[in-house]
Structures are given as structure tokens and as C-alpha cells.
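These are the residues of each chain, in order.
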Amino acid sequence: MNILKLALTAAAVATLAACSTAEEVTQCTSAPMSEWQDQAQFQQKLVSEGYAINEFKVTEGNCYEIYGTEADGTKVEIYFNPVNGEVVKREAH
């Protein structure tokens, strides 16, 4: 009987783990890359605005994402729309 309880418990745990919500991908644009701002120029613009960029990447959700600091020293992770440069998501750390 204990083996049956253990098996049922394991099955329930596996089911709950499979149902857990995966981290959502921040979606910035569906525009083709031909409409995106040049990556190097976009980064230069951010630096001229006072950002220090530690890491720059293109995300699965078609965003330009930076990890770095703002002019006041606040550490940030920011997702930008690569077409118009608008901030889509910002997290201060």
C-alpha cells in the first residue's frame, strides 16, 4: 500500500511540475529586422544618454536588451523596441 501512495505522490508532483508556468518572453516587435535600428548606432545613442552597457543582446522576443547602469549608477536590465527605441520593460537591480 505504501508503494501505491508513493507512486501516486510522485505522479502528482510530476504533473504539477509540468503544469508550472514557464517564464514569459518579453515581446517587443513583430517587425522584420530590416526595419530595426542599427545595433551599434542604438548602443552609441544609449551611451550618449548616460547608460553604461555591460551586455547587449537581441532576445527571443525581438528586443534589444541591455544590462548596465544608468547615469545615476542604478543597475538596470532594459528591453527596448528595436524599431522605435521605446522602453518595453525596465528592471532596476
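Residues numbered from 1 in each chain as written. Predicted model: local features only at pLDDT ≥ 70, side-chain atom pairs only at ≥ 80, totals over all residues. Heavy atoms only, no water.

This part covers the packing of aromatic side chains. As enumerated under the stated definition, the model contains 4 aromatic pairs in all. Considering the side-chain rings of Phe-42 and Tyr-64, the 5.3 Å spacing of their centres and the 50° angle between planes classify their relative orientation as tilted. Taken as a pair, Phe-42 in helix α2 (residues 39-48) and Tyr-64 in strand β2 (residues 64-69) lie far apart in primary sequence, 22 residues in all. Note on accessibility: Phe-42 and Tyr-64 belong to one class, buried. (Phe/Tyr/Trp six-rings, centres within 6.5 Å; stacked < 30°, edge-to-face > 60°. Helix = DSSP H or I, 4+ residues; strand = E, 2+ residues; numbered from the N terminus. Buried < 20%, exposed > 50% of the residue type's maximum accessible area, 1.4 Å probe, protein only.)

Glancing now at the sheet that holds strand β1 (residues 52-58). The strand order across the open sheet formed by 4 strands is β1-β2-β3-β4, and the pairing between neighbours is antiparallel. Here the strands that pair on one side only, and so sit at the sheet edges, are β1 and β4 (87-92). The sheet shows a mean angle of 15° between the axes of neighbouring strands, direction not considered. (Pairing = 2+ DSSP bridges. Axes fitted to C-alpha atoms, helices over the stretch in contact; angles between N-to-C directions.)

What follows concerns the confidence of the model for the chain. Here the chain shows a mean pLDDT of 86. Residues at 70 or above account for 76%. Of the regions scoring below 50 in pLDDT, residues 16-21 engages in 0 contacts with residues more than four places distant in sequence or in other chains. (pLDDT = per-residue confidence, 0-100. Contact = heavy atoms within 4.5 Å.)

Another point: the pattern of salt bridges. Under the definition given, this model contains 4 salt bridges. Across the pair Lys-45 and Glu-49 runs a salt bridge, and its minimum N-O distance is 3.1 Å. Since its relative accessible area comes to 37%, Lys-45 is described here as partly exposed. Glu-49 sits in the partly exposed class, given a relative accessible area of 45%. A salt bridge links Glu-91 to Lys-89; the nearest nitrogen and oxygen atoms lie 3.3 Å apart. Taking relative accessible area as the criterion, Lys-89 reaches 31% and is therefore assigned partly exposed. (Salt bridge = Lys/Arg side-chain N within 4 Å of Asp/Glu carboxyl O.)

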